[in-house]
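# What the coordinates show
In case you want the letters, here they are:
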Amino acid sequence: MAKVYNWQLGREMDFPYEVERPERQFAMLFDTNKCIACQTCTVACKTTWTQGRGQEYMFWNNVETKPYGYYPLGWDVTVLDKLGVQAMDGSVYTGKTLFDAAPTGEVILGYLPDDLDYAHPNIGEDDATGVMPQGAHMTMPHMQWMFYLPRICNHCTYAACLSSCPRQSIYKRREDGIVLLDQSRCRGYRECVKACPYKKVYFNSQTKVSEKCIGCYPAVEGGRQTQCTTSCIGKIRIQGFLGKPDTPDADNPLDYLVFIKKVALPLYPQFGLEPNTYYIPPVHVPAPYLRQMFGWGVERAIETYRNAHQDPKLLAAMTLFGATPEISHYFRVDGDAVVGYDAKQAEIVRVPLREPTVVRALYDIKHKVYRTNIT
Amino acid sequence: MMARPFALVLVLVAALAASAAPAAAQAPITAVRVPGAGPIVDPDARVWKDARPRAVALLPQTVALPHLAAPAVKELQVRVVHNGGFIAFLVEWKDPTMSDRLVSDTFGDQVAVQLPIDAAATPPSPMMGNAGGRVNIMQWRAALQHDIDKGPRTIGDLYPYAWSDVYPDEVLGATDAKPYAGALGIENPVSRGVASPVLDQMSEGWGSMTVKPDQHAVGKGVWKDGGWRVAISRPMVSDDRNAPRLVAGQRTFAAFAVWEGGAREVGARKAWSPWVPVVIGR
């Protein structure tokens, strides 16, 4: 085992390989408060990459309802249950990672889902934590809650799939940190399927090998964001690159939101994989649940998010979500607008921080009608 | 890309040291000369009656991660024959569950015969060779045997109530649909339909096993009455530089591995044998 630094845990941890961080890390941010689970991202991914035989129930991108939605069935609660209760009392995680908890003779603590666990991609959809009694919706906050969790491969810094493959069929690209599964080397052992706690590697019964999200690398290499990002009608996502956690660039929107403002948090950081998709937590969900899912700092992230309207730079970075199909490497506030720049610092998008509001008169004199929608 | 595990070299050296000595001390299996020509692929062929079965004890694989501490199969019965052109192994073992259906949570039965590629008094590591110590691994897979005998299982075969929209190959044609066919589209040898259920491979240590461009190994497996009988055959001499050259009178070695798919044994989770000396009969 090598000692590596996991910034999400605030400490060193054991990992089977020595790791040199990529030059830049593919990353994606999601604003869970804006997701409506329309599954446009899911369909965009599916029609682009997984239409083939053996991929019928394979979703590299999925959106599940929390707390009772899972794809595959029960993936996160199963892993959490196997890991057991762990200490998490501050910004430095003192509990065990999945690598720490590996049984004898295994690389990592994991499990292989049953085949039928993949048969219910929409299970738990729209289910809240319980029933709202008569009239309960009149008071806020609501006693019951649910939210939508969009998921892709996390392209982890310390990827479990990569470390568990006895053939080194999975590799992490130095140029962008995208984790790829070599379709010519894979022999279908499914060690990666078992090891990935997020269950984002899938076995294909027709090719007899495993497959996973490729981070839309052909688009990313051309400076464009992934299909799931550009198709998002709610503009809840932004995809770009993270720099190094110890030297964040305040002009990079992803660095700014993740490393500096800490408004977007990793998914189950306690697993120890340093996942690279980040979530702005849902503001209405109880903190204990969110701490388990997104780690320490959820309350602060929500407070920061709620106050974004008072912070022009934060608002600017968040306004870039869904603003352009191209990857914004840099951004800055220019008057009342945010400007996004590509890798060569050329302007690619300009968006007003606040849309102008026009209030029209209730009665339209010209047409002699009342307007039902007056904004 | 990342560095290989630190422990690999040390463990490999330990495995080498532990394995080479006992191999030479064992009584060799004789590859009995039998009449005929061509590959010997029928487990029920008469020629096997000329060879005495040898029990080969199997060990749990607990050196390279992941381990298999308690393999389901403890022993194989092995017979070896040759006809001057082809050498053949008949490997038999008890397996109450025939496993050749591959979905997310099921694995296939497999057996492998390993031969050193370079003739030497001391063979390479029995655990898939080592750097500079090349081995030829002929691996029979029950799933490939099923595909050859009965055709590959379609989605409809695996999931009778499955429904799907149009597949790319139904509208694009075979060539244009290749990008949608994953490993099949790039002809990964474990994916595509092959003429033989035996993969002819080379290895120089863990994680390095590669299916060779030229496939010479052939065979056939039959499951009956709670057991597998698998014949694996290859040319004794070929123009393949990465294949062993076997001649009558020569002493070499063979090692074996088996996977019980019903117990989710796959890859490194296997039962394996150290080298067993083999004499090619005259």
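### What about the overall build of chain A?
- Scanning chain A from N- to C-terminus turns up ten helices and 17 strands.
- The C-alpha radius of gyration computed for chain A amounts to 21 Å, which stays within 12% of the reference 21 Å derived for 375 residues, consistent with globular compactness.
- For chain A, the spread of C-alpha atoms along the principal axes amounts to about 80 × 55 × 45 Å.
- Going through the 375 residues of chain A one by one, you find that 50% of them count as buried.

### A closer look at the sheet that holds strand β10 (residues 237-242) of chain A
Residues and elements named next belong to chain A.
- Across the sheet, which stays open at both edges, the four strands sit in the order β10-β3-β12-β11 with mixed pairing between neighbours. Looking at strand neighbours, the two that pair on one side only are β10 and β11 (265-266), the edges of this open sheet.
- Two elements, β11 and strand β12 (residues 277-280), share two bridges in a ladder whose sense is antiparallel. Residue Pro266 lies in a different strand from β12, and its bridge partner there is Tyr278.
- Running at roughly 90° to β10, helix α7 (residues 253-260) makes contact with β3 (25-31), β10 and β12 of the sheet.

### What about the domain arrangement of chain B?
- Assigned domains of chain B: these are domain 1 (22-150 + 198-280) and domain 2 (153-192).
- Taking only C-alpha atoms, the centre of domain 1 of chain B and the centre of domain 2 of chain B are 31 Å apart.

### What to know about helix α1 (residues 40-49) of chain A
- Along α1(A), the residues that are buried comprise Cys41(A), Thr42(A), Cys45(A), Lys46(A) and Trp49(A). Projected down its long axis, α1(A) shows its buried positions confined to an angular sector of 130°, all on one face.

### Some points on helix α9 (residues 298-306) of chain A
Residue and element names in this part refer to chain A.
- Along α9, the residues that are buried comprise Val298, Ala301, Ile302 and Tyr305. Down the axis of α9, the buried side of the element spans an arc of 95°, and every buried residue falls inside it. The exposed set on the far side of α9, more than 90 degrees from its buried face, consists of Glu299 and Glu303.
- Packed against the buried residues of α9 are β11, β12 and α8 (287-294).

### With respect to the interface of chain A and chain B
- Between chain A and chain B, the residue contacts involve 39 residues of the former and 35 residues of the latter.
- Of all the elements in the fold, those that place two or more residues in the side of chain A that touches chain B are β6 (170-172), β8 (201-204) and β9 (209-212) of chain A.
- Among the residues making up the side of chain A that touches chain B, the classes are represented as 13 nonpolar, twelve polar and 14 charged.

So, how was this worked out
- Residues numbered from 1 in each chain as written.
- Chains lettered and ligands numbered in written order.
- Predicted model: local features only at pLDDT ≥ 70, side-chain atom pairs only at ≥ 80, totals over all residues.
- Helix = DSSP H or I, 4+ residues; strand = E, 2+ residues; numbered from the N terminus.
- Rg over C-alpha atoms; globule rule 2.2 N^0.38 Å.
- Buried ≥ 20, exposed ≤ 12 C-beta atoms within 10 Å, placed from the backbone.
- Pairing = 2+ DSSP bridges.
- Contact = placed C-beta atoms within 7 Å.
- Axes fitted to C-alpha atoms, helices over the stretch in contact; angles between N-to-C directions.
- Domains from an automatic or database assignment.
- Arc of directions from axis to C-beta.
- Nonpolar A, V, L, I, M, F, W, Y, C, P; charged D, E, K, R; others polar.

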